Amino acid sequence: MIRKTLFATGLLTTTLLASTACSAQPAAAGKPFKETVVADFDSPWAMTFLPDKRMLVTEKKGQMLLVSADGKSRQTVATLTVDSAGQGGLMDVVLAPDFATSQRVYFSYSTAGEGGKGVVLARGRLRPDGGGGQSLGEIEALFSARPFVEGNGHYSGRIAFSPDGKYLFFTNGERQKFTPAQDPKMTLGKVLRLTLDGKPAPGNPLVAKGFAPEIWSYGHRNLLGLAFDAQGNLWEQEMGPKGGDEVNLIKPGLNYGWPNASNGSNYDGTDIPDHKPGDGYEPPKVFWNPVISPGGLMIYSGSMFPQWKGDAFIGGLSSKSLVRVHLTGTNAAKGDQWDMGARIREVEQGPDGAIWVLEDGGDSQGRLIKLTAK
Ligand SMILES: [Ca+2]
Ligand SMILES: [Ca+2]
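Quantities reported herein were computed from a predicted structural model and do not represent experimental measurements.

Rules and cut-offs
- Residues numbered from 1 in each chain as written.
- Chains lettered and ligands numbered in written order.
- Predicted model: local features only at pLDDT ≥ 70, side-chain atom pairs only at ≥ 80, totals over all residues.
- Heavy atoms only, no water.
- Helix = DSSP H or I, 4+ residues; strand = E, 2+ residues; numbered from the N terminus.
- Rg over C-alpha atoms; globule rule 2.2 N^0.38 Å.
- Contact = heavy atoms within 4.5 Å.
- Areas by Shrake-Rupley, 256 points an atom, 1.4 Å probe, with all protein chains shown as cover.
- Lys, Arg positive; Asp, Glu negative; His and termini not counted.
- Charge placed at Lys NZ, Arg CZ, Asp CG, Glu CD.
- Pairing = 2+ DSSP bridges.
- Axes fitted to C-alpha atoms, helices over the stretch in contact; angles between N-to-C directions.
- Core = buried A, V, L, I, M, F, W, Y, C linked by side-chain atoms within 4.5 Å.
- Buried < 20%, exposed > 50% of the residue type's maximum accessible area, 1.4 Å probe, protein only.
- Donors = N, O, S within 2.8 Å, 3.2 Å for Na, K, Ca; no water.
- UniProt positions renumbered as here; feature names shortened; annotations may be inferred.
- Phe/Tyr/Trp six-rings, centres within 6.5 Å; stacked < 30°, edge-to-face > 60°.
- Lys NZ or Arg CZ within 6 Å of the ring centre and 35° of its normal.

Draft legend 1. Examining the overall build of the chain more closely. Within the chain one finds one helix and 27 strands. On C-alpha atoms alone, the chain measures out to a radius of gyration of 19 Å, which is about the 21 Å that the 2.2 N^0.38 rule sets for 374 residues. When the backbone C-alpha atoms are referred to their principal axes, the chain occupies close to 55 × 50 × 40 Å. Look at the contacts in the chain between residues 6 or more apart in sequence, and 56% of them connect residues 24 or more apart. Accessible surface, the chain: about 14500 Å² in total, of which carbon and sulfur atoms supply 52%. Where the 39 positive side-chain charges of the chain centre and where its 38 negative ones centre are 2 Å apart.

So this is what it looks like as structure tokens:
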């Protein structure tokens, strides 16, 4: 596999947003939070908070932005050459566990290469750019999905670090090809467990069975959310077929069924056997029919909304909603589904416990909205 990637960095712009970008929205009846529009972006995909309360935001076409805590100013810290056709682009961004000392930032993107396209895990270091701002330097690609295939869908590309900070979990979607999810030699349709350098983590559960050494779990479709809860459980959500979006509790070595089992059906109307006891496939903890089209996943640990501590929040794309899933230990149950009026791509928890959502924006502007207690 060729890990050929071109980067151009150092582009720096500082933009003051129009004054209209920071206005409180009238609270819709029934929503237990106030919505404040903070900023907007060009097809944003993911965000994360720095210890100093600023934010890193990725835009699908390849810009990584460093945004002030109030959303009013921003600078471009990296302009990455990515393949942004279809569902591809610059995707997730997550701080390294030792960011406070290393200034390292991990991110994912799709690119074209030998055989087609695939998702790549990379990292860089946030450092002074010499002009009073910061830029992302020392950029290196760490891991590429195998194999690269044709098409522009189901890259996944979500990143989560283990609670001890030693390992990195990375999702590879099945690229709309179905069967790779069950192929032991491909990383497509899998949750991977890697070292912080992007190598196979030692002790992965399926090596003795002949699986690729990076694989932690398999039988997945399009994994667009991945997060640990406070107890150390790893939760994942994935966009399923028609009527089959899922929240899964990820355990090492298990097969989650795709494309052999799903509580949904194919979009062409053909059936897929439902999950049932004894079929050898790990069933979802929650599934949706009709679908929500899950984007990001966040597990809430703040105090602004104490009633939701420990619960999962999911951005709904086609459902244009924010979805709450009640988590109790290793069990999950549907909670709320609030209409947000736009496709929600990403959900994050802010430093003060507010919930932040990023609209997907489609091919245009998506807003950053802060949700606070009423
Ligand atoms: Ca995020
Ligand atoms: Ca089915």
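Draft legend 2. Seen up close, the sheet that holds strand S19 (residues 245–250). Here we have four strands laid out as an open sheet, ordered S17-S18-S19-S20, and antiparallel in their pairing. In this open sheet, the two strands that pair with only one neighbour each are strand S17 (222–228) and strand S20 (286–288). The sheet shows a mean angle of 20° between the axes of neighbouring strands, taken without regard to direction. Of the strand pairs in this sheet, strand S18 (residues 234–239) and S19 are connected by five bridges, and their pairing is antiparallel. The residue of S19 that forms the bridge with Trp235 is Leu249.

Draft legend 3. Inspection of the nonpolar core at higher detail. One finds Leu56, Met64, Phe107, Leu121 and Phe170 to be the most contacted residues of the largest nonpolar core, which totals 49 residues. Ranked by size, the runner-up nonpolar core spans 16 residues in total, among them Tyr300, Trp338, Val347 and Ile369.

Draft legend 4. Quick look at the sheet that holds strand S9 (residues 90–95). If you trace the four strands from one edge of the open sheet to the other, you get S9-S10-S11-S12, paired in antiparallel fashion. Unpaired on one side and paired on the other, S9 and strand S12 (134–144) mark the two borders of the sheet. Put simply, the sheet's adjacent strands are angled 30° from each other on average, direction ignored. Sheet topology places strand S11 (residues 116–128) next to S12; eight bridges connect them, and they run antiparallel. Counted as the bridge partner of Val120 is Ser144 from S12.

Draft legend 5. Main features of the coordination of the calcium ion (ligand 1). Only Met47 (O), Glu346 (OE) and Glu348 (OE) from the protein reach the calcium ion (ligand 1) as donors, at distances of 2.2 to 2.4 Å. Look at where the donors of the calcium ion (ligand 1) fall in the sequence and you get M-x298-E-x1-E. Of this pair, Met47 sits in strand S5 (residues 44–49) while Glu346 sits in strand S25 (residues 344–349); the two residues are 299 residues apart in sequence, bridging distant segments of the chain. Take Met47: its relative accessible area is 0%, and that puts it in the buried class.

Draft legend 6. Spotlight on the UniProt feature "domain: Glucose/Sorbosone dehydrogenase" (unreviewed entry) in the chain. Mapped onto the present numbering, the UniProt feature "domain: Glucose/Sorbosone dehydrogenase" (unreviewed entry) falls at residues 41–369. End-to-end, the C-alpha atoms of residues 41–369 are 11 Å apart, and along that stretch the chain is 1% helix and 47% strand.

Draft legend 7. Examining the packing of aromatic side chains more closely. Taken as a whole and assessed by the stated rule, the structure comprises 15 aromatic pairs. An angle of 80° between the planes, with centres 5.2 Å apart, marks the rings of Phe33 and Trp338 as edge-to-face. Of this pair, Phe33 sits in strand S4 (residues 33–42) while Trp338 sits in strand S24 (residues 331–339); the two residues are 305 residues apart in sequence, bridging distant segments of the chain. According to the relative accessible area criterion, Phe33 is buried, its value standing at 2%. Taking relative accessible area as the criterion, Trp338 reaches 8% and is therefore assigned buried. Summarising the aromatic geometry, the rings of Phe305 and Trp308 are spaced 4.8 Å apart at their centres and angled 25° between planes, so their arrangement reads as stacked. In this structure, Phe305 and Trp308 share a single accessibility class: buried. Among the aromatic side chains, those forming a connected cluster through ring pairs are Phe33, Tyr300, Phe305, Trp308, Phe313 and Trp338. The positively charged end of Arg175 is found above the aromatic ring belonging to Tyr155, 4.0 Å away from the centroid. A cation over a ring is seen here: Arg193 above Tyr167, with NZ or CZ 4.1 Å from the ring centre.

Draft legend 8. Layout of the coordination of the calcium ion (ligand 2). Looking at the calcium ion (ligand 2), the protein donor atoms are Ser262 (O), Gly264 (O), Ile272 (O) and Asp274 (OD), and they sit 2.2 to 2.6 Å from it. Coordination of the calcium ion (ligand 2) draws on donor residues from a single chain, spaced S-x1-G-x7-I-x1-D in sequence. Highlighted residues: Ser262 in the loop between S19 and S20 and Ile272 in the loop between S19 and S20, separated in sequence by ten residues. What makes Ile272 buried here is its relative accessible area of 1%.

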